Amino acid sequence: DAGDTVSATLKKEFGEEALDSLSMSKEERERLSQCLDTLFLQGTTLYKGYVDDPRNTDNAWMETVAVNFHDNGTAFSAFHLNAGDDAGEVYWIPVSRGIQ
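Computed from a prediction, not measured in an experiment: that's the story for all the values here. (Residues numbered from 1 in each chain as written. Predicted model: local features only at pLDDT ≥ 70, side-chain atom pairs only at ≥ 80, totals over all residues. Heavy atoms only, no water.)

1. A look at the packing of aromatic side chains
Scanning the model with the defined rule gives 2 aromatic pairs in all. On the numbers, 5.5 Å between centres and 85° between planes, the contact of Phe14 with Phe40 is edge-to-face. Linking Phe14 in helix α1 (residues 6-18) with Phe40 in the loop between α2 (26-39) and β1 (44-50), this pair joins segments that are 26 residues apart in sequence. In terms of burial, Phe14 and Phe40 fall into one category: buried. (Phe/Tyr/Trp six-rings, centres within 6.5 Å; stacked < 30°, edge-to-face > 60°. Helix = DSSP H or I, 4+ residues; strand = E, 2+ residues; numbered from the N terminus. Buried < 20%, exposed > 50% of the residue type's maximum accessible area, 1.4 Å probe, protein only.)

In structure tokens form, the structure reads like this:
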């Protein structure tokens, strides 16, 4: 949403797209928000800036921020991923130096 910080947008979109928070009760969303606040405290920005997008023009363009949140296998595993809002499917993938 306009005026939101990147971290607020990240938590909101992760909840809506990957955890289907829009179908949760108010109490469930509040608990989820508290968990996400803790989980998303420390991340490493991998990229911030321009992205090629068909909506780009000479006067307006898309920018993005890619952030890595490393998990040792315990924090994010507590969340059952469920595609919500306009996500088609959602799943965890392991990331290693060998990924191309």
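2. Quick notes on the confidence of the model for the chain
The pLDDT averaged across the chain works out to 85; a share of 97% of its residues lies at or above 70. Considering each helix and strand of the chain separately, the mean pLDDT is smallest for α1, with a value of 85, and largest for β1, with 91. (pLDDT = per-residue confidence, 0-100.)

3. Looking at the nonpolar core
The biggest cluster of nonpolar side chains holds 10 residues, and these are Phe14, Ala18, Leu19, Leu32, Leu36, Phe40, Phe69, Phe76, Phe79 and Leu81. Residue assignment for this core shows that the elements contributing at least two residues are α1 and α2. Not counting residues up to four positions away in its chain, the partners in contact with Phe69 are Leu10, Leu39, Phe40, Gln42, Gly43 and Phe76. (Core = buried A, V, L, I, M, F, W, Y, C linked by side-chain atoms within 4.5 Å. Contact = heavy atoms within 4.5 Å.)

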